[in-house]
Amino acid sequence: MATTNDLKNGMTLDIDGVLWNVVGFQHVKPGKGGAFVRTTLKNVLTGKVVDRTFNAGIKVDVATVDRREMTYLYRDGADFVFMDSESYDQIPVPPGVVGGVADYMLENTVATVALHDDAPLYVELPASVELTIAATDPGVQGDRSTGGTKPATLETGANIQVPLFITTGEKVKVDTRDGRYLGRVTS
């Protein structure tokens, strides 16, 4: 248990059995009436964002979320199997928990898996990963104007937009948050 005065960004709260991450908070002390805390909360499972106001000093349940570094090993049916880097325990993670980061994961990719009561909540990758272009159309001579892009398929099967000069087989850096091309990887 903690009070609303202890709230910090990134803290996970258990409100009526639902886990919420604190995205933002503001302590307000109006001229009239009691102080309160205005918060922005994000549902850990659904991603829904809500605003909620608490009276200052009331107690809130803080959920224990264990963030572990794990290595993605392989697919087992629909599930993704991750191995804890310290204990070597393997856990299956459902596709709904992995979400969109699956588009940027290869075998042996290191990720952060958040667990609550030994149940996986979400998977986070580093901000960018290096992947190889599996297929893209060749650029056409004279098609080299700045800002031009074309579709490309990554080795994971995900589709992104890349500049016209990128060819099949090149390694590129991709932003895992929005799938944006960040640049070529030079060896």
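Refer to the structure printed above.
What counts, and at which threshold
Residues numbered from 1 in each chain as written. Predicted model: local features only at pLDDT ≥ 70, side-chain atom pairs only at ≥ 80, totals over all residues. Heavy atoms only, no water. Helix = DSSP H or I, 4+ residues; strand = E, 2+ residues; numbered from the N terminus. Buried < 20%, exposed > 50% of the residue type's maximum accessible area, 1.4 Å probe, protein only. Polar contact = N/O pair within 3.5 Å; in protein donor to acceptor, adjacent residues only side chain to side chain. Contact = heavy atoms within 4.5 Å. Pairing = 2+ DSSP bridges. Axes fitted to C-alpha atoms, helices over the stretch in contact; angles between N-to-C directions. 1 Å grid on protein atoms, 1.4 Å probe; cavity = no way out; pocket = protein on both sides within 12 Å on 5 of 7 lines; lining within 4 Å. Points joined across faces, edges and corners; volume = space filled by probe spheres on them. Nonpolar A, V, L, I, M, F, W, Y, C, P; charged D, E, K, R; others polar.

Draft legend 1. Summary view of the side chain of Thr 109. Topologically, Thr 109 is positioned in the loop between α1 (95-98) and β10 (110-116). Judged by relative accessible area, which is 15%, Thr 109 ranks as buried. At 2.6 Å, the side chain of Thr 109 and the backbone oxygen of Leu 106 are in polar contact. Among all residues touching Thr 109, those that are not within four sequence positions of it are Met 70, Thr 71, Tyr 72 and Leu 125.

Draft legend 2. The sheet that holds strand β2 (residues 12-15), seen in detail. The sheet built from four strands is open, its strands ordered β2-β3-β4-β5 with antiparallel pairing. Because the sheet does not close on itself, it has two edges, and the strands there are β2 and β5 (49-55). Pairs of neighbouring strands in the sheet enclose a mean axial angle of 45 degrees, with direction left out of account.

Draft legend 3. Expanded view of the layout of surface pockets. Counted as a void, the largest pocket has a volume near 700 Å³. In terms of lining, the largest pocket is formed by 28 residues, of which the most central are Lys 42, Val 44, Tyr 122, Val 123 and Glu 124. At the level of elements, β3 (18-28), β4 (36-43), α1 and β11 (119-124) are the ones that each hand at least two residues to the lining of the largest pocket. For the lining of the largest pocket, the leading source of residues is β11, giving four residues. Class assignment of the residues belonging to the lining of the largest pocket gives a composition of twelve nonpolar, eleven polar and five charged.

Draft legend 4. Quick look at the sheet that holds strand β15 (residues 171-175). Pairing is antiparallel across the open sheet formed by five strands, whose spatial order is β14-β13-β12-β15-β16. Every interior strand has two partners, whereas the edge strands, β14 (159-163) and β16 (181-184), have only one. Adjacent strand axes in the sheet meet at a mean angle of 50 degrees, parallel and antiparallel pairs treated alike. The pairing of strand β13 (residues 149-154) with β14 spans five bridges and is classified as antiparallel. Bridge pairing links Ala 152 to Ile 160 in β14.

Draft legend 5. Quick look at unusual backbone geometry. A positive phi angle, near 55 degrees, is found at Asp 16, a position not held by glycine. Along the chain, the position of Asp 16 falls in the loop between β2 and β3. Positive phi values are uncommon outside glycine, yet Asp 118 reaches one of about 60 degrees. With respect to the helices and strands, the residue Asp 118 is situated in the loop between β10 and β11.

Draft legend 6. Main features of the pairing of β11. Pairing of β10 with β11, which is carried by five bridges, proceeds in the antiparallel orientation. Residue Ala 114 lies in a different strand from β11, and its bridge partner there is Tyr 122. What sits between the antiparallel neighbours β10 and β11 is a turn of two residues, in which Asp 117 has the positive phi angle 55 degrees.

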